Amino acid sequence: MEINIQHLEDIVGADNVTDDSETCKAYSRDVSSLPKLAGQILDDQFDAVAQPVTVESLQKLVTYSGRRKIPLTIRGNGTSGWGGSIPTRGGICVSLTHMSRVLNLDDFGLTVTVEAGITWRELLIFLNRLGSTLPVYPSSATAATVGGFVASGGFGIGSARYGDISSQIVGVEAVLLNGKLVRVGNMVLTEPDQDAARAKSGTKWFMNWLERRGGTEEPDPMSYLIGTYGVFGIITKVTMKIIPRLQLLPFAVSFETIDDLVRASIQIISEAEPYHLRFLADNYTSKLRALTGLIFEDGKFILSGALLDTIFQNEESIETIKGITETNGGVVLDIERAQYHWDERLFPLRIKRLGPSLVPAEVLVPTAEIPSLLHDVRRKLGSSRFAVEGTMDKSGLSSFLVWILDDERKTVSYTIGWHRSFDIAALAKKHGGSPYAIALWNSMHAKEFYGEQLYEEFRALKKEIDPQNLTNTMKVFGGRVAAAWPSLILGFLGGFIGLSLALWIGPEILGASWLRDALLAQPVPFMPLPLIIFIALLGGLLGFSVIKFMSLKQAMTLVLPLLKTLGRVIGK
C-alpha cells in the first residue's frame, strides 16, 4: 500500500503526521498483548499515524482515504482490550488526541462540551476546580479519551447510581465515513461556530437516511455513534451531563464468600444508592498482597465504592451500609482501607506487574449470577493465574472482568492460551450474560448484542457510507481476514497433502485397484507426473483459496478449538 506522506501533511499539518516504524508499532497496540498468531489473520501494523487538529482537516482525511482506498483506524489512547483501535488492514491510524479542548461549560444546564481527544482525567481536573464532577467515567480515566469511551460504551465509575455512559450523553458530533459532519442530540457550543453550516447539511442527510431506513421504531440517531466503535463515524465532540461535586465518602467492606458479597451489593444499591460500587474476588485481593505487601484483604472478597451526597445523606447511607454488611456476615473496613480502594479504582492494570502480560476477558452478567459464573470460571481456567474484579450497575447488571496473567515472551504457550478469553464469553452467555463489548474480537456476537433489527440497520448504513469498508475494518461486522503468507502456504500444503492421502488410501479402502492405477498413470507424456499429483495440486489451490477468502468468524471458528485442544495437552 502506497501512502503519500506529503499528501497527509498537506491535509493535517506536517507536525501531525509520521510514518516512523517504531511510532506506528506503538500505536498498533491496545491494552491487550496479542499473540503473534494474530498477525496471520490481520495486517496488524499501521503504515502511518495522522493526528488532525480540526474537524475540517479530519473530513478531508476521510475523503482522501476513500478516494485512495486507504484503510483508516480510529484511535484514542488504546486503553481497551477488545481490538477496537488496532489495525486490521494496516493503513493510517487517525489519533484524535490533539483534539482535546473544553469547548463549553453550562452551569445552569449542567452540561460540558469537549473535543473527543481529551482524557477523562483532564476533564475531571477541570470540573473539580469548578465544584463539579461527572456522573460516569471509565476506570481507565487516567489515559482513556472521552471519544474512545463513548464510542465503545459501557460501565464505569458512577454506574451504580447513574447507569452506563450512553445515559449521560446529551449530544454528539461526528464525521461520518462519507465525509459528512453530523450533530445529533443537543450539542451545546459557544459562538462563533465555524462548522455550523457543514454540520447542518450533514445532519439533514443523516436524518433523512434514518427516515428512509424502513424500521418500525422511531430511530435514535445517537445509537449509531455510541457503542459502535467508529464503524459509522469518527466522534469529534461530545456534550455530556455534569453533577455537583458534593461530599465524596469512600467505603469498603470485606466478606468471606462471593455469595455474601453479592447479596449485600444488591441491597446496598437498592437502599443506599451509592455513587460507585466495585467488587474484588479473593484471587484478586491475594494478588494485591503480592504487589503491595498489604495483608488486610488477603484472600477476602471486597466490596468497595463511594457515596456522593450531602454530609447528612452520607451519614445515613453509611449506617445503612454497615447494617447490610453485618446482616450478610461482612466486616466494615476502616476509612484508610476504604480510601485506598477508592484511589485504586483508576489503576486496574497495576496487576499487570505480576504478568508481565495480560489477557483480558470482560463480560456483562446479571449481578445475581456472579457467584455461579465465578465458580465456572475457576473450573474453566484451572491452574491458570488469573484475577477477577467488576463494577456494579444500577440496572442489575455487572461487568465481570477476568485478568489472565501470562507471558507473551513465551510465544508458543502464550498463543495456545489465547482461547481462554473467548471461553469466558461463552460462560457468560450460559449465565444470561454477553460480551462486555463487541469491537473486533467479539464481532461474531454482534447480531445478538445489538438485536437483529438494529444490526441489520447498522449494516445498511455501513454499506451506504463506507461501501469499500475502509474505516475500522472488521470491527462489529467482521470481514475477510488479511491472511499472511505462512497461513496461505499452510493452506496450500494442507489441501495438497490432504487430497493426496485421500486419493492414495481411498482406492485401497474401496477395493478399486483400477482407480489407483488410473491415478498413478501419466496423463501428459512429456510431463513425468502421475494424475494424482495434478489433482492434489488442485486441492492445494483450494486450500490456498479457503485461507485467502476466509472471514474473521470462520478463522476464529477454526483456530479457537485448535488452540483449546493444544491447551489441554500443555495444561492451559
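Fair warning: this is a prediction, and the values are worked out from it, not measured in the lab. (Residues numbered from 1 in each chain as written. Predicted model: local features only at pLDDT ≥ 70, side-chain atom pairs only at ≥ 80, totals over all residues. Heavy atoms only, no water.)

1. Description of a nonpolar patch on the surface
Okay, step 1: A surface patch of nonpolar side chains, amounting to about 1100 Å² of accessible area, comprises Trp 485, Ile 489, Leu 493, Ile 497, Leu 501, Trp 504, Ile 505, Ile 509, Leu 510 and Leu 520.
Okay, step 2: Residue contributions to the nonpolar patch peak at nine residues, all from helix α17 (residues 485-510).
Okay, step 3: Tracing the backbone through its elements, the reader meets Ile 509 in helix α17.
Okay, step 4: Classification of Ile 509 as exposed rests on a relative accessible area of 67%. (Patch = residues over 30% accessible without salt bridge, like charges linked within 9 Å, V, L, I, M, F, W, Y side chains within 5 Å. Areas by Shrake-Rupley, 256 points an atom, 1.4 Å probe, with all protein chains shown as cover. Salt bridge = Lys/Arg side-chain N within 4 Å of Asp/Glu carboxyl O. Helix = DSSP H or I, 4+ residues; strand = E, 2+ residues; numbered from the N terminus. Buried < 20%, exposed > 50% of the residue type's maximum accessible area, 1.4 Å probe, protein only.)

2. Brief notes about the nonpolar core
Okay, step 1: The biggest cluster of nonpolar side chains holds 86 residues, and the ones touching the most others in it are Trp 120, Tyr 137 and Met 240.
Okay, step 2: In terms of nonpolar packing, the next biggest core, distinct from the first, is built from 39 residues, Ile 269, Phe 279, Ala 281 and Val 365 among them. (Core = buried A, V, L, I, M, F, W, Y, C linked by side-chain atoms within 4.5 Å.)

3. Concerning the sheet that holds strand β9 (residues 181-185)
Okay, step 1: Taken together, five strands build an open sheet; the order of strands is β5-β6-β10-β8-β9 and the sheet is antiparallel. What marks the edges here is a single partner per strand, and that holds for β5 (102-106) and β9. When strand polarity is set aside, the average angle formed by the axes of neighbouring strands in this sheet is 15°.
Okay, step 2: When strand β8 (residues 169-176) meets β9, the two strands line up antiparallel, connected through five bridges. Bridge pairing links Val 172 to Val 184 in β9.
Okay, step 3: Most of the contacts of helix α3 (residues 55-68) go to β8, to which it runs at about 45°, and overall it touches β8, β9 and β10 (233-241). (Pairing = 2+ DSSP bridges. Axes fitted to C-alpha atoms, helices over the stretch in contact; angles between N-to-C directions. Contact = heavy atoms within 4.5 Å.)

4. Focus: the packing of helix α12 (residues 370-381) against helix α14 (residues 420-430)
Okay, step 1: Close contact between α12 and α14 brings their axes to 10 Å; oriented N to C, the two are set at 150°. The two elements α12 and α14 meet at a crossing, and its hand is right-handed. Taken together, the residues of α14 that come into contact with α12 (itself represented by Leu 373, Asp 376, Val 377, Arg 379, Lys 380 and Leu 381) are Arg 420, Asp 423, Ile 424, Leu 427, Ala 428 and Lys 430.
Okay, step 2: Partitioned by chemical class, the residues of the contact of α12 with α14 number six nonpolar, no polar and six charged. (Left-handed = near helix turned anticlockwise from the far one by under 90°. Nonpolar A, V, L, I, M, F, W, Y, C, P; charged D, E, K, R; others polar.)

5. Thoughts on the packing of aromatic side chains
Okay, step 1: Applying the stated criterion across every chain yields a total of 18 aromatic pairs.
Okay, step 2: Seen from their ring centres, Tyr 162 and Tyr 275 are 6.3 Å apart, and the 70° between their planes marks the pair as edge-to-face. Here the residue Tyr 162 occupies a position in helix α6 (residues 159-162), and Tyr 275 occupies one in the loop between α8 (258-271) and β13 (276-280), the gap between them amounting to 113 residues.
Okay, step 3: Consider the rings of Phe 206 and Tyr 224, whose centres lie 6.1 Å apart with planes at 90°: the pair is edge-to-face. Pair noted here: Phe 206 is in helix α7 (residues 196-212) and Tyr 224 is in the loop between α7 and β10, with a separation of 18 residues, a long-range link. Considered together, Phe 206 and Tyr 224 belong to a single accessibility category, that of buried residues. (Phe/Tyr/Trp six-rings, centres within 6.5 Å; stacked < 30°, edge-to-face > 60°.)

6. Focus: the environment of Glu 315
Okay, step 1: Considering the arrangement of structural elements, one finds Glu 315 in helix α10 (residues 311-327).
Okay, step 2: With a relative accessible area of 46%, Glu 315 lands in the partly exposed category.
Okay, step 3: Along the sequence, Glu 315 and Ser 100 sit 215 residues apart, while their C-alpha atoms lie 38 Å from each other.

7. Thoughts on the pairing of β13
Consecutive residues of a regular strand have side chains that alternate between opposite faces of the sheet.
Okay, step 1: Among the five residues that make up β13, five are buried, leaving the element largely enclosed by the rest of the structure.
Okay, step 2: Direction of pairing for β13 relative to strand β14 (residues 301-309): antiparallel, over a ladder of five bridges. Across the sheet, residue Phe 279 finds its bridge partner in β14, namely Leu 303.
Okay, step 3: Sheet analysis places β13 next to strand β17 (residues 386-392), joined by three bridges and oriented antiparallel. Bridging across to β17, Phe 279 finds its partner in Gly 390.

8. Some remarks on unusual backbone geometry
Okay, step 1: Across the junction of Gly 355 and Pro 356, the peptide omega takes the value 10°, indicating a cis bond.
Okay, step 2: By the element assignment, Pro 356 lies in the loop between α11 (335-344) and β16 (357-366).
Okay, step 3: The residue Met 474 is not glycine, and still its phi comes out positive at about 75°.
Okay, step 4: On the basis of relative accessible area, Met 474 is assigned to the buried category, the value being 1%.

9. Concerning the pattern of salt bridges
Okay, step 1: Applying the stated criterion to the full structure yields 24 salt bridges.
Okay, step 2: Of the charged contacts, one joins Glu 456 and Lys 447 as a salt bridge, the two residues approaching to 3.7 Å between their closest N and O atoms.
Okay, step 3: In this structure Glu 456 comes out as partly exposed when scored by relative accessible area, which is 35%.
Okay, step 4: Lys 447 gets classed as partly exposed once you look at its relative accessible area, which sits at 39%.
Okay, step 5: Salt bridges sharing common partners tie together Glu 173, Arg 183, Asp 193, Asp 195, Arg 198 and Lys 237.

10. A few points about the domain arrangement of the chain
One widely used convention gives an interface's size as the accessible area the parts lose upon coming together.
Okay, step 1: Each assigned domain of the chain is listed with its residue range as follows: domain 1 (5-95), domain 2 (102-244), domain 3 (247-346) and domain 4 (485-549).
Okay, step 2: Placing a centre on the C-alpha atoms of domain 2 and another on those of domain 3 gives a separation of 31 Å.
Okay, step 3: Counting residues at the interface gives 16 residues for domain 2, matched by 11 residues for domain 3.
Okay, step 4: With both sides pooled, the region where domain 2 packs onto domain 3 buries about 1000 Å², and carbon together with sulfur makes up 53% of that total.
Okay, step 5: By the criterion of area lost to domain 3, the three top residues of domain 2 are Ile 157, Ala 160 and Arg 161, representing 54% of everything that side buries.
Okay, step 6: There are one salt bridge connecting domain 2 and domain 3. (Domains from an automatic or database assignment. Buried area = accessible area lost by both parts, 1.4 Å probe.)

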